[in-house]
Amino acid sequence: DAYILGDVPADVFGNDKLKELAARIRDGAGLLMIGGYRSFGSGGYADTALAELLPVAMLSAERQSGDEIDPSLHYLQPLKMLPTPRGLQHYLMRLDATNNQGTWDSLPPLEGANRLRRKNDTVEILSETSDGAPLEYIESSSPLPGGGVVTCVYFPGQPSPWPARSGSSARRSDAGMASASVCS
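Residues numbered from 1 in each chain as written. Predicted model: local features only at pLDDT ≥ 70, side-chain atom pairs only at ≥ 80, totals over all residues. Heavy atoms only, no water.

Which residues make up the overall build of the protein, and what values do they have?
Tallying secondary structure elements over the protein gives four helices and 10 strands in all. Secondary structure elements of the protein, listed N to C terminal, follow the sequence β-α-α-β-β-β-α-α-β-β-β-β-β-β. With 184 residues in all, the protein has 46% of them scored as buried. Total accessible area on the protein is roughly 9,200 Å²; 51% of this is exposed by carbon and sulfur atoms. (Helix = DSSP H or I, 4+ residues; strand = E, 2+ residues; numbered from the N terminus. Buried < 20%, exposed > 50% of the residue type's maximum accessible area, 1.4 Å probe, protein only. Areas by Shrake-Rupley, 256 points an atom, 1.4 Å probe, with all protein chains shown as cover.)

Given below as structure tokens:
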């Protein structure tokens, strides 16, 4: 099983549901948190059961309310998402079996991104901006007890970078967030 969370604040789910989700991830399910203005710390996830599982550092004080967007938590300008050398090799970042780099190079810039911070030294950066600011993280050292995988990425208002293919779905959600899931 895999769970994908987009631009949804933690209080939409409530503590009990997030504890259940954290338990499923510990038992082997995957989690992809696709960022947004109400994801990660700005969405109130720093005080939830998911906080210890996410590969990004978050603070309770980052929680945003209202419609104001805090530029200290978000890049508000277009950014090119560039896979790191490790990212190009990672299955989550493989868009093309023969020309992965070329496919990534052909994608348009993102409209913005979360300003994410690595939680610890075991977290790998899979993509970054042209200035080297990290955009996507994955925990690399020790898999969760059940073998679960957790990754975080952000691309607001963009079509999914993952091409639709057999057994997968890629769509643009009502909030303008790109989301994708691949089922086996």
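Tell me about empty space enclosed by the protein, and name the residues and values.
Take a probe with the size of a water molecule and roll it over the atoms, and the empty space left behind shows itself. Taken as a whole, this structure holds two cavities of 30 Å³ or more when the rule is applied. Estimated volume of the largest cavity: approximately 90 Å³. A class-by-class count of the residues in the lining of the largest cavity yields six nonpolar, three polar and three charged. (1 Å grid on protein atoms, 1.4 Å probe; cavity = no way out; pocket = protein on both sides within 12 Å on 5 of 7 lines; lining within 4 Å. Points joined across faces, edges and corners; volume = space filled by probe spheres on them. Nonpolar A, V, L, I, M, F, W, Y, C, P; charged D, E, K, R; others polar.)

Could you give an account of unusual backbone geometry, with specific residues and numbers?
The phi dihedral of Phe40 falls on the positive side, at around 55 degrees, and the residue is not glycine. Relative to the elements of secondary structure, Phe40 occurs in the loop between strand 2 (30-34) and strand 3 (74-75). For Phe40, a relative accessible area of 3% gives the class buried.

Break down the environment of Ala29 for me, citing the residues and quoting the values.
Inspection of the secondary structure assignment puts Ala29 in the loop between helix 2 (15-26) and strand 2. C-alpha separation for the pair Ala29 and Asp1, spaced 28 residues apart in sequence, amounts to 4.9 Å.

Tell me what's going on with the nonpolar core, and back it up with residues and numbers.
Among the nonpolar cores identified, the biggest contains 21 residues, and Leu5, Tyr45, Leu50, Leu54, Val56 and Met58 are the most heavily contacted of them. Of the residues forming this core, the biggest block, four residues, is contributed by helix 2. Sequence-distant contacts of Leu5, defined by excluding residues within four places in its chain, comprise Phe13, Leu21, Leu31, Leu32, Met33, Ile34, Tyr45 and Leu50. Counting residues in hydrophobic clusters, the runner-up holds 13 residues, among them Tyr75, Leu79, Leu110 and Ala113. (Core = buried A, V, L, I, M, F, W, Y, C linked by side-chain atoms within 4.5 Å. Contact = heavy atoms within 4.5 Å.)

Summarise the pairing of strand 6 (residues 123-128); cite the residues concerned and give the values.
Pairing of strand 4 (residues 82-83) with strand 6, which is carried by two bridges, proceeds in the antiparallel orientation. In the strand pairing of strand 6, Leu82 is matched with Glu128. Looking at chain direction, strand 6 and strand 7 (residues 134-139) are connected through five bridges and run antiparallel. Note on strand 7: the bridge partner recorded for Ile125 is Tyr137. (Pairing = 2+ DSSP bridges.)

Got a sec to walk through the confidence of the model for the protein? Specific residues and values, please.
Across the protein, the average pLDDT comes to 78, with 76% of residues at 70 or higher. Within the model, the stretch residues 154-184 combines pLDDT values under 50 with 69 contacts to residues more than four positions away or in other chains. (pLDDT = per-residue confidence, 0-100.)

An account of the pattern of salt bridges is needed here, citing residue identities and associated values.
Tallied over the full model, the rule gives six salt bridges. One salt bridge connects Asp11 with Arg63, and the closest N-O pair in it is separated by 2.9 Å. Taken as a pair, Asp11 in helix 1 (residues 10-13) and Arg63 in the loop between strand 2 and strand 3 lie far apart in primary sequence, 52 residues in all. Among the residues examined, Asp11 registers a relative accessible area of 53% and is labelled exposed. Classification of Arg63 by relative accessible area gives partly exposed; the value is 39%. For Glu62, the salt bridge is made with Arg117, and the minimal N-O distance between the two is 2.8 Å. Of this pair, Glu62 sits in the loop between strand 2 and strand 3 while Arg117 sits in the loop between strand 5 (113-114) and strand 6, and the two are 55 residues apart along the sequence. (Salt bridge = Lys/Arg side-chain N within 4 Å of Asp/Glu carboxyl O.)

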